[in-house]
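Structural description and commentary
So you can see what is in the structure, the chains are spelled out below.
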Amino acid sequence: MELDLHHLPVIDTHEHIENVYCWRAEDMGLAHLLLENHYLMALLAASDHKYAGREWNDPTDPIEPVAFMRDAGGAPLEQERELIRDFFLERLPLLSHTSDWKAMELAFGELYDVRCMLLTRREWDDLDRRIRTRYAERAEWHRDIFALGNMKTVFWCYGAPQIDGPFRSVVSLGDFLGRKRGDIHDCDGLYEAFDSWLDSVCDELDIIALKMGSVYRRDGAIIVRSRQEVDAALAEMAEGDTLMSSAAVDDFVHDLAASRAGERSLVIQVHTGYLAGNSFENELQKTYAARMEPFFARHSEARFDVFHGSFPQWGEAVTLARRYPNIYLNTCWVPSTSESMAEAMLRAALDAVPVNKIMWGGDAHSPEMAFGILRLFESVLKRVLEARGEPTRMCSQAADWILWRSAAELYSLDVT
Ligand SMILES: [Zn+2]
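In this text the structure is predicted, and so the values were computed from the model without any measurement.

1. Digging into the overall build of the chain
What the chain contains, in helices and strands, is 17 helices and 8 strands. Relative to the globule expectation of 22 Å for 416 residues, the C-alpha radius of gyration of the chain, 22 Å, shows essentially globular dimensions. By principal-axis analysis of the C-alpha atoms, the chain measures approximately 65 × 55 × 40 Å. By the burial criterion, 47% of the 416 residues in the chain qualify as buried. By sequence separation, contacts in the chain at least 24 residues apart represent 73% of the contacts at least 6 residues apart.

2. Some remarks on the environment of P9
By secondary structure assignment, the location of P9 is in the segment before strand 1 (10-15). Residue class for P9 comes out partly exposed when judged on the 16 C-beta atoms lying within 10 Å of it. Remark: the alpha-carbon pair of P9 and A147, spanning 138 residues in sequence, is separated by 9.8 Å. In contact with P9, other than residues within four places in its own chain, are N150, K152, W404 and V415.

3. Quick notes on the domain arrangement of the chain
Per the domain assignment, the segments making up the chain are domain 1 (25-137) and domain 2 (144-410). Using only C-alpha atoms to locate each centre, domain 1 and domain 2 end up separated by 28 Å. Across the boundary between the two partners, domain 1 contributes 22 residues, which contact 20 residues of domain 2. Counting only elements with at least two residues in the side of domain 1 that touches domain 2, the list comes to helix 2 (38-46) and helix 5 (99-112). Looking at which element gives the most residues to the side of domain 1 that touches domain 2, the answer is helix 5, with 9 residues. Each residue belonging to the side of domain 1 that touches domain 2 can be placed in one class, and the counts come to 12 nonpolar, 4 polar and 6 charged.

4. Looking at the nonpolar core
By size, the foremost hydrophobic cluster in this structure holds 128 residues, and its most contacted members are I268 and V306. Looking at which element gives the most residues to this core, the answer is helix 16 (residues 367-387), with 11 residues. For this core, the two domains that each supply at least three residues are domain 1 (25-137) and domain 2 (144-410). Setting aside anything within four residues of it in sequence, one finds V306 in contact with V270, T272, A289, A317, L320, A321, I327, Y328, L329 and N330.

5. Thoughts on the environment of T392
Position of T392 relative to the elements: it lies in helix 17 (residues 392-410). In this structure T392 comes out as exposed when scored by C-beta crowding, with 12 C-beta atoms within 10 Å.

6. Examining the sheet that holds strand 2 (residues 151-157)
Read across the open sheet, the 8 strands follow the order 1-2-3-4-5-6-7-8; overall the sheet is parallel. Each edge of the open sheet is held by one strand with a lone partner, namely strand 1 and strand 8 (358-359). Along the sheet face, helix 13 (residues 314-323) touches strand 6 (304-306) and strand 7 (327-330) and points at about 140° away from the line of strand 7.

7. A few points about the pairing of strand 1
A large share of strand 1 lies buried, amounting to 6 of its 6 residues. Sheet topology note: the strand 1/strand 2 ladder contains 4 bridges and is parallel. Counted as the bridge partner of E15 is W156 from strand 2.

8. Section: unusual backbone geometry
Residues other than glycine predominantly adopt negative phi, and peptide bonds predominantly adopt the trans conformation. Along the chain, C157 connects to Y158 via a cis peptide bond; the corresponding omega equals -5°. Mapped onto the secondary structure, Y158 falls in the loop between strand 2 and strand 3 (167-172). At N150, a position not held by glycine, the phi torsion is positive, near 60°. According to the C-beta neighbour criterion, N150 is partly exposed, with 15 such atoms within 10 Å. Residues other than glycine seldom take positive phi values, yet S310 does so here, at roughly 50°. Along the chain, S310 turns up in the loop between strand 6 and helix 13.

Procedures and definitions
- Starting afresh in each chain, residues are numbered from 1 along the sequence in its written order.
- Local features in this predicted model are restricted to residues of pLDDT 70 or higher, and side-chain atom pairs are both shown and tallied only at a pLDDT of 80 or more, whereas totals for entire chains, interfaces and linings draw on every residue.
- A helix here means a DSSP run of H or I that spans at least four residues, while a strand means a run of E at least two residues long, and both kinds are numbered starting from the N terminus.
- Within these notes, the globule rule equals 2.2 Å times the number of residues to the 0.38 power, and the radius of gyration is based on C-alpha atoms.
- Three classes are used. A residue is buried when 20 or more other C-beta atoms lie within 10 Å of its own, exposed when 12 or fewer do, and partly exposed in between, with C-beta atoms placed from the backbone.
- What counts as a contact here is a pair of residues whose C-beta atoms, placed from the backbone, lie within 7 Å.
- The domain boundaries here were taken from an automatic or database domain assignment.
- The classification used treats Ala, Val, Leu, Ile, Met, Phe, Trp, Tyr, Cys and Pro as nonpolar, Asp, Glu, Lys and Arg as charged, and all other residues, Gly among them, as polar.
- Each nonpolar core reported here comprises buried Ala, Val, Leu, Ile, Met, Phe, Trp, Tyr and Cys residues connected via C-beta atoms within 7 Å.
- Strand pairing is assigned whenever DSSP detects at least two bridges linking the two strands.
- Only C-alpha atoms enter the line fits that serve as axes; for helices the fit covers just the stretch in contact. Angles between N-to-C directions range over 0 to 180 degrees.

Pasting the structure below:
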């Protein structure tokens, strides 16, 4: 049996494409694309002890190529470009086995016709030139990439998409929680402020989901708080304090958001597990999906799209999706973090979870990276399905669900 997945439509439930738009199109080259593969950059920093204790893109002390690019506003001098190139050429071979690089390599091969796991200086310059040529018409090129991947809908994190295309907006609950307390003095004020914020993002952006990325900064265990407790916390806060600076208010708003999302049939996307970056974030053990189980369970009216398979504790995410009808399993970011982990997770998910609850997303900072992760995921999915030895029709149906149908149902999307 030969499964052909490339012709299937795809719903890409999670991307951060806005990041590649931080550079001017006329400056965009290979180094920029690598810098916007933030996972690869964090891996690169992890290869050398001298970067310990700081984030790879630390604003005051970033790793070398980032400093060059930043200081030059993204358009380094010829000599600096060579230093950046040589830095990468020296370091990339250490990452050449990783799934992050494999996804990048798949993208470069198909999109720029450059196939090489280990770049030479000449190949670097050639690929860099090809990228610069394409970026002369950046938005058009990006739409072409999504069309080539047959991606019918791509979720845009966060806010309004910066270009026309098959995008739908997602907003982060962190936007609301990062607000100053201002004149919110009690729970009623909090309800009012939250409802008006949610009304405005629903009206103005027609959002498709609300994202909770809270485990980047806090324990996933969200505690039920009483009104009295929250009223007291708000009364104690200064006007300039952010809402998230109070643990009680932070917890309370998470529960409020889940209730409101349930009432509005708005899906909640939740980051679980391993965090992007190197150093300044939350401890791994506070990020796992099972930490949030009581929160998920007390909001049976809401639907939670659980991201990243609680990497590397994917068994938790698989088990939660098996147990709870309102919990979904999203494989976004897993294949490029570890292809073999993605394979194990998918195998277990197909064994244990209804297939209409399994879906995909790229979680990339550039369309190239999204495309590469899609191709990597498709190869994993194909291998996993073919190894099951089930009738072709059964495998094709599973591929349909995972690549687009599950997301189409969960997010009420039309795929035509
Ligand atoms: Zn993400």
